[in-house]
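Each chain, written out:
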Amino acid sequence: MATVCAALLLPAGCGHPGSSDNAGKLDVIATTTQLGDIVGQIGGDAVDVHQLLQPNTDPHEYEPRPDDVTATANAKIVFESGDGLDNWMDTVVSESGGDPQTVVVGDSVPTRLAGEGDQASNFDPHWWHDPQNVEAAIAVIRDSLIKAEPARKAALEKNATSYISKVRALDAGIRRCFSKIPARDRKLVTSHDAFGYFANRYDVKVIGAVIPSQTTQAQPSAGELSDLSALVKKEGVKAIFPESSINPKLEEALAAQTGAEAGHSLYGDTLGASGSSGDTYLKMEAANADSMLRGFSGGRLRCPIAGI
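Rules used in this analysis
- Residues numbered from 1 in each chain as written.
- Predicted model: local features only at pLDDT ≥ 70, side-chain atom pairs only at ≥ 80, totals over all residues.
- Heavy atoms only, no water.
- Disulfide = S-S within 2.5 Å.
- Helix = DSSP H or I, 4+ residues; strand = E, 2+ residues; numbered from the N terminus.
- Buried < 20%, exposed > 50% of the residue type's maximum accessible area, 1.4 Å probe, protein only.
- Contact = heavy atoms within 4.5 Å.
- Axes fitted to C-alpha atoms, helices over the stretch in contact; angles between N-to-C directions.
- Parallel < 35°, antiparallel > 145°, perpendicular 65-115°, else oblique.
- Nonpolar A, V, L, I, M, F, W, Y, C, P; charged D, E, K, R; others polar.
- pLDDT = per-residue confidence, 0-100.

### Focus on the state of the cysteines
Part 1: The tally for this structure, following the rule as stated, stands at 1 disulfide.
Part 2: Note that C177 is cross-linked by a disulfide to C303, the S-S spacing being 2.1 Å. Because the sign of the S-S torsion sets the handedness, a value of about 95° for the bond joining C177 and C303 places this disulfide among the right-handed ones. Highlighted residues: C177 in helix α6 (residues 153-178) and C303 in the segment after α10 (281-296), separated in sequence by 126 residues.
Part 3: Looking at C177, the relative accessible area reads 3%, which means it is buried.
Part 4: Using a relative accessible area of 4% as the deciding quantity, one classes C303 as buried.

Here you go:
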């Protein structure tokens, strides 16, 4: 990436962080689509957010682009999701030559589920699927932005308070929706193991995942798929839920083998494209709740959520 940096021939140069010169806005980096949306909601007119990952792209397969390196060189704050999901950001910062403050948002959320591996410090990186974690993340982001832009404290606090209200409305709405269906019918099979926080928050039983890992880089074996098929049949699972950013071929095959349906997709690691049902964090989680409720109920129930 150093050769990428050298080839850019930027006026500011790699290694010379610029000031907040975008109409007085604070230059910040957000690694993931979720963070990009949340930081933008809190920062409002005070920030210029450069979001590294794009909608429907896999964070596990990210490759830095030249403009990402450029933006990082000029950034004052880098917001990372954490827990290994975006650990490539350390390299981007190093190669950019910049010196931004790095805020690993996931380190401060209250609910931490076990991740993969033997180390006790490993956590499931998909913390945003619990709105209570997002509420805590909002406070971390707000305080970081206020520290960098104290003159805009009032506006940043107002934005954060308004957004927290919407996140709470989302959480309450999902709870109301899921109260319509017995817990015994809330059985989840997805593309990969990304929904532990959602399941923990809303009393959903995770039966399994086509890719039995918290990263999409893993590959299922024939034996693992056969075992999952048998478990789906045994548990009477009604729906398999493909993820929007992953090819649904295996999920559709599993559904065909087991008699389940596979017509309700979820947003796992990424927001959807602009104009989709999941192009913001709030819409993403509401769409996931709606898809799950429809799948769990055989299409009888929907999950409209007001106030978001």
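Don't stop here, the text continues.
### Quick look at the environment of L35
Part 1: Summarising the element assignment, L35 is placed in helix α2 (residues 33-43).
Part 2: Measuring from C-alpha to C-alpha, the distance between L35 and W128 comes to 9.2 Å, with 93 residues separating the pair along the chain.
Part 3: Sequence-distant contacts of L35, defined by excluding residues within four places in its chain, comprise A30, F79, E80, S81, V105, W127 and I141.

### Some words on the packing of helix α3 (residues 66-74) against helix α4 (residues 89-96)
Part 1: For the pair α3 and α4, the least separation of the axes is 8 Å and the interaxial angle reads 70°. Classified by the interaxial angle, the pair formed by α3 and α4 is roughly perpendicular. Contacts between α3 and α4 pair D68, V69, T72 and A73 from the former with M89, V92, V93, E95 and S96 from the latter.
Part 2: The residue inventory of the contact of α3 with α4, partitioned by class, reads 5 nonpolar, 2 polar and 2 charged.

### Topic: the confidence of the model for the protein chain
Part 1: Across the protein chain, the average pLDDT comes to 90, with 91% of residues at 70 or higher.
Part 2: For the stretch residues 1-21, pLDDT sits under 50, and the model shows 39 contacts to residues farther than four places along the chain or on other chains.

### A few points about unusual backbone geometry
Note: most peptide bonds trans; most residues except glycine with negative phi.
Part 1: In this model, D83 sits at a positive phi of 60°, which is unusual for a non-glycine residue.
Part 2: Position of D83 relative to the elements: it lies in the loop between β3 (77-80) and α4.
Part 3: In this model, D203 sits at a positive phi of 55°, which is unusual for a non-glycine residue.
Part 4: Turning to its location among the elements, D203 is positioned in the loop between α7 (196-202) and β6 (205-211).
Part 5: For D203, a relative accessible area of 49% gives the class partly exposed.

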